[in-house]
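Residue-level structure breakdown
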Amino acid sequence: MSVPMPAAAARLLPTFDESRLVDELRALRETTWGQQRPYDADVLPSAGIDWRCLSLRSLGGDGARTDPGGPGAESFADTPWLERVPYLGEVLKTVPGSLRAARLMALGMGVRSVDHFDTKCGPAWGVARLHVPITTNPGALLVLDGVKRSWQPGTFWFGDFSRRHMVLNEGPSVRVHLVIDCLVTPELADIFPPDWGPYFQHGDVLYCKPELPPRAGHFTPASWQARLPSAFLDWEEDDIFDDSAERTSAVITVTADGAHLTSECGRSFGLIRIKGDEYRLAGWSDERTVELVTGNPGRVVLRTRCGRSVRDIAVPAYAIPAGSRTRS
């Protein structure tokens, strides 16, 4: 029987020096912070309110991005802004596991967001969202799962933001939090309260594997073509697709230095090797992976995970001879 998450939020270890956090905000005082945006900014609008971000880590290390990231061609990397805030860099180093996005998020005065859910943002999908408040006031609140919360500067928090939540600031000053996304690993449980132990041992938690180093020795590059259910490349899908779903043609290329997947609709995904010939999508967790099984024809195993549940769909894959055109 699966153990449920003990609460919608938990205070974590350690705590941080409030004065040093505020000092480093001053170091970024003259910086223009961008409007907070979702990952699919070409489809979804920006927040439309005074809710601004400065990224310390982002996809590709782009300091102009304000989105939390998602599957795509690039992985997460430090932005140039992180060099200006060494203490915040120390804060990030206390997080066990692989870091994804890290953003300073400023909520302006008089702002109230809509109720919303953050898509696949929780341990069941291999992702944890952590907060370190830096500046706040009594009127700045997070309402998470129906409970009003006022997290204080220097404290460290986990929140299950896949639940309904909203933020508001009815106070006289801007609220600024450092918001950190990381992959869930067994070591992450060490910074949670002891009563969360049963959940991390027996709950619906997806643990992400570490990225493997480049292949050693001689390796011959190779490419395969397969027709994948289109929904597999839609990371917000709820994994209800099957073999009869709409298909898209895709090419998977593997070299000694890395791998990538390109679909006929023009979307490109980096592939991060995590086990043998199994790869997760760059910028994402082990929630969605592809595994190559060579043969004539070979197979591509499309694997989706949620908590302890694993689902595989295998489709034929055809090797593409060097210099040949792909099948239509």
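For the structure itself, consult the block above.
A brief structural summary. (Residues numbered from 1 in each chain as written. Predicted model: local features only at pLDDT ≥ 70, side-chain atom pairs only at ≥ 80, totals over all residues. Heavy atoms only, no water.)

Attention shifts here to the overall build of the protein. For the protein, the helix and strand inventory stands at 3 helices and 20 strands. For 328 residues, the compact-globule estimate of 2.2 N^0.38 gives 20 Å, and the protein sits close to it at 21 Å. The burial tally for the protein puts 52% of its 328 residues in the buried class. The long-range fraction of contacts in the protein, counting pairs at least 24 apart against all pairs at least 6 apart in sequence, stands at 67%. Split by element, the accessible area of the protein, about 15200 Å² in all, is 52% carbon and sulfur. (Helix = DSSP H or I, 4+ residues; strand = E, 2+ residues; numbered from the N terminus. Rg over C-alpha atoms; globule rule 2.2 N^0.38 Å. Buried < 20%, exposed > 50% of the residue type's maximum accessible area, 1.4 Å probe, protein only. Contact = heavy atoms within 4.5 Å. Areas by Shrake-Rupley, 256 points an atom, 1.4 Å probe, with all protein chains shown as cover.)

This next bit is on the state of the cysteines. Summed over the entire model, instances satisfying the criterion amount to 0 disulfides. In this structure Cys306 is not part of a disulfide, and its nearest cysteine sulfur, from Cys208, lies 12 Å away. Note on Cys306: relative accessible area 30%, which makes it partly exposed. (Disulfide = S-S within 2.5 Å.)

To continue, consider the nonpolar core. Counting residues in hydrophobic clusters, the biggest one holds 40 residues, and the most contacted among them are Leu104, Leu130, Leu178 and Phe192. Listed by contribution, the elements that provide at least two residues to this core are helix 1 (18–26), strand 3 (51–59), helix 2 (86–93), strand 5 (99–107), strand 7 (127–135), strand 12 (175–183) and helix 3 (197–202). Discounting residues that sit within four places of it in the chain, Leu130 has contacts with Leu12, Val95, Phe156, Trp157, Phe158, Leu178, Val179, Ile180 and Cys182. The next biggest cluster of nonpolar side chains, apart from the first, holds 23 residues, and it includes Ala259, Phe269, Tyr279 and Ala317. (Core = buried A, V, L, I, M, F, W, Y, C linked by side-chain atoms within 4.5 Å.)

This paragraph deals with the sheet that holds strand 11 (residues 165–169). If you walk across this open sheet you meet the 4 strands as 6-11-8-9, and the pairing is antiparallel. Single-partner strands in this sheet number two, and they are strand 6 (111–112) and strand 9 (147–149). Sheet topology note: the strand 8 (residues 140–144)/strand 11 ladder contains 5 bridges and is antiparallel. When the bridges of strand 11 are listed, Leu144 appears paired with His165. (Pairing = 2+ DSSP bridges.)

With that out of the way, let us pick up the side chain of Ser249. Mapped onto the secondary structure, Ser249 falls in strand 14 (residues 247–254). Judged by its relative accessible area of 9%, Ser249 falls in the buried class. Looking at Ser249, its side chain comes within polar contact range of the side chain of Gln225, at 2.8 Å. (Polar contact = N/O pair within 3.5 Å; in protein donor to acceptor, adjacent residues only side chain to side chain.)

Another point: empty space enclosed by the protein. Under the counting rule described, the total for this entry stands at 1 cavity of 30 Å³ or more. Computed from the structure, the largest cavity encloses a volume of approximately 40 Å³. For the largest cavity, the full set of lining residues is Thr136, Ala140, Leu141, Leu142, Arg149, Ser150, Trp151, Arg175 and His177. Looking at the lining of the largest cavity, the elements that each hand over two or more residues are strand 8 and strand 12. A breakdown of the residues in the lining of the largest cavity according to their chemical character gives 4 nonpolar, 3 polar and 2 charged. (1 Å grid on protein atoms, 1.4 Å probe; cavity = no way out; pocket = protein on both sides within 12 Å on 5 of 7 lines; lining within 4 Å. Points joined across faces, edges and corners; volume = space filled by probe spheres on them. Nonpolar A, V, L, I, M, F, W, Y, C, P; charged D, E, K, R; others polar.)

What describes two packed helices is the angle between their axes and the distance between those same axes. Following both chains from N to C, one finds helix 1 and helix 2 inclined at 125 degrees, their axes separated by 8 Å at the closest point. One finds that helix 1 runs oblique with respect to helix 2. The segment helix 1 lies against helix 2, with Arg20, Leu21 and Glu24 engaging Pro86, Tyr87, Leu88, Glu90 and Val91. In the contact of helix 1 with helix 2, the residues fall into 5 nonpolar, no polar and 3 charged. (Axes fitted to C-alpha atoms, helices over the stretch in contact; angles between N-to-C directions. Parallel < 35°, antiparallel > 145°, perpendicular 65-115°, else oblique.)

Bringing the environment of Met105 into the picture now. Structurally, Met105 is set in strand 5. Since its relative accessible area comes to 6%, Met105 is described here as buried. Separated by 161 residues in the primary sequence, Met105 and Gly266 have C-alpha atoms spaced 32 Å apart.

Turning our eyes to something else, we now look at the layout of surface pockets. One number sums up the size of the second largest pocket: a volume of about 290 Å³. In this structure, the second largest pocket is lined by 14 residues; those nearest its centre are Leu25, Trp33, Ala106, Val174 and Val176. Elements with a contribution of two residues or more to the lining of the second largest pocket: helix 1 and strand 5.

Now for the pattern of salt bridges. Considering all chains together, one arrives at 17 salt bridges under this definition. Among the salt bridges present, the one from Arg280 reaches Asp286, with a minimum N-O distance of 2.7 Å. One continuous salt-bridge network, built from bridges that share partners, spans Glu278, Glu291, Arg303, Arg305 and Asp312. (Salt bridge = Lys/Arg side-chain N within 4 Å of Asp/Glu carboxyl O.)

As a further point, take the pairing of strand 15 (residues 259–263). Going residue by residue along strand 15, you find Ala259, Leu261 and Ser263 tucked away on one face and His260 and Thr262 left uncovered on the opposite face. Relative to strand 15, strand 14 is paired through 5 bridges, and the arrangement is antiparallel. By the bridge assignment, Val254 is partnered in strand 15 with Ala259. The turn joining strand 14 and strand 15, which pair antiparallel and follow one another in sequence, is formed by 4 residues. By the bridge criterion, 4 bridges tie strand 15 to strand 16 (residues 268–275) in an arrangement that is antiparallel. By the bridge assignment for strand 16, Leu261 is matched with Phe269. Connecting the antiparallel pair strand 15 and strand 16 is a turn made up of 4 residues, with Gly266 showing a positive phi of about 95 degrees.

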